[in-house]
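Take a look at the letters that make up each chain.
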Amino acid sequence: MNFLGLTILGTGHYLPEYIASNREYETFLDTSDEWIVTRTGMRERRIALDTPVWKMGEMAARKALDDAGVSPEEIDLILCTTVTGDFRYPSAACLIQGQLGAKNAFAMDIAAACAGSVYALDMARRYLATGDVKTILQISAEALSQTTDYTDRGTAILFGDGAGAAVLRGGDGLFASALFSAPDCGQNIHCAFPRRSLPFGGGTPAGEETGLTYMNGREVYKFATRAMPAAVQAACQRAGIGVEDLDYIIPHQANLRIIETAAKALKVPLEKICVNIQKYGNTSSASIMICLDESLREGRIKAGDRICMVGFGAGLTYGAVVMEYQSGK
Ligand code: UT7
């Protein structure tokens, strides 16, 4: 059978226990709670002190599997989005597969930065549409604390850690996606591994590769306020619906002002926008999945609702998925 849409059988998330409040940043940076709240909407975020990315992903995945009533053996494909994985290889997806005992699955990571979960939903739907795989475990797990420059007040206060997951099957509801990347803007956020010196000559460290995040916040801000509405409009157009037909939008949680500006451009009331940025900051690709799980568990999003997930991030990547929420329950 060819599926046109997605069924979200279950969701879950994991957040580390340690809470870093805005006040804590005041102790080591020239910043203030007032500046952070006004400019970003963030009040606190979670930091994974000792928990690796794959472990956060595993915990979120276990909750999603439990919620779905699906066993690890039933999973055919594991897609994990991360740009902060613990290993260059193997993938976080393979590590999580091993922990879960998902012995019938194949597994891979997707690196599309903060737009990763939207990219993964698009990919999941395409795999399910072919009928080659029946059940997908999608995970987004990130530890931005591992790449954050805690001496740079322009970026240090933004990022947090966490993971979200969903168990997906094919469905017959509405689904459309619109994905984009704009590498000409890519210099505005990057994080490069330090290079080694090689015994053959060359390979000399260039000096700029710190392993930490560099971001031109103002440029990314301008990009995001254009990209988010454009992606939502493109996905709605492909779905054959108007933006006003959406019940909820779950945006990447990067900055409350970006979210509000995008909502205004789209003429969408804020009651239709799911936001948890005040609690968790920017968790990159995990932010949409964590927010989706919270919104479902709160009973805010219900079966039949038309939801849109929209993200943007390093690349620069951006994109949106529009779908009718079906739980299969
Ligand atoms: O998911 C990845 C995508 N990333 C993003 O979406 C980030 C997009 N950008 C942003 O969210 C915003 O640009 C920031 C929150 C990063 C910065 O906010 P802004 O309103 O654009 O501030 P700004 O960079 O224009 O800086 C304004 C002032 C500067 O001081 P001067 O030059 O005017 O004296 C900054 O040095 O605010 C200063 N500043 C701070 N002050 C207190 C920057 N960071 C801080 C800080 N505390 N943490």
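None of these values were measured; they are calculated from a predicted model. (Residues numbered from 1 in each chain as written. Predicted model: local features only at pLDDT ≥ 70, side-chain atom pairs only at ≥ 80, totals over all residues. Heavy atoms only, no water.)

Points about the site of the ligand
1) Next: Residues in contact with the ligand amount to 22 residues; listed here are only the nearest, Thr31, Arg218, Asn255, Arg257 and Asn282.
2) Next: For the ligand, a nitrogen atom lies 3.4 Å from a polar atom in the side chain of Trp35.
3) Next: The separation between an oxygen atom of the ligand and a polar side-chain atom of His252 is 2.9 Å.
4) Next: Contributions of two or more residues to the shell around the ligand are made by helix H2 (33-40), helix H6 (153-156), helix H7 (217-239) and helix H8 (256-266).
5) Next: In the shell around the ligand, the residues fall into ten nonpolar, seven polar and five charged.
6) Next: Counting residues domain by domain, the shell around the ligand receives three or more from each of domain 1 (5-172) and domain 2 (176-324). (Near = heavy atom within 4 Å. Polar contact = N/O pair within 3.5 Å; in protein donor to acceptor, adjacent residues only side chain to side chain. Helix = DSSP H or I, 4+ residues; strand = E, 2+ residues; numbered from the N terminus. Nonpolar A, V, L, I, M, F, W, Y, C, P; charged D, E, K, R; others polar. Domains from an automatic or database assignment.)

Looking at the domain arrangement of the protein chain
1) Next: Split by domain assignment, the protein chain resolves into domain 1 (5-172) and domain 2 (176-324).
2) Next: On a C-alpha basis, the centres of domain 1 and domain 2 stand 14 Å from each other.
3) Next: Between domain 1 and domain 2, the contact holds 51 residues from the first and 46 residues from the second.
4) Next: Carbon and sulfur atoms supply 63% of the area buried between domain 1 and domain 2, which totals about 3,700 Å² over both sides.
5) Next: Contact with domain 2 buries surface across domain 1, with Cys114, Val118 and Tyr119 losing the most and accounting together for 17% of the total. (Contact = heavy atoms within 4.5 Å. Buried area = accessible area lost by both parts, 1.4 Å probe.)

Topic: the side chain of Arg45
1) Next: You can see Arg45 is positioned in strand E3 (residues 44-47).
2) Next: In terms of polar contacts, Arg45 uses its side chain to reach the side chain of Asn22, at 2.6 Å.
3) Next: Among the polar contacts listed, one links the side chain of Arg45 to the backbone oxygen of Ile157, at a separation of 2.9 Å.

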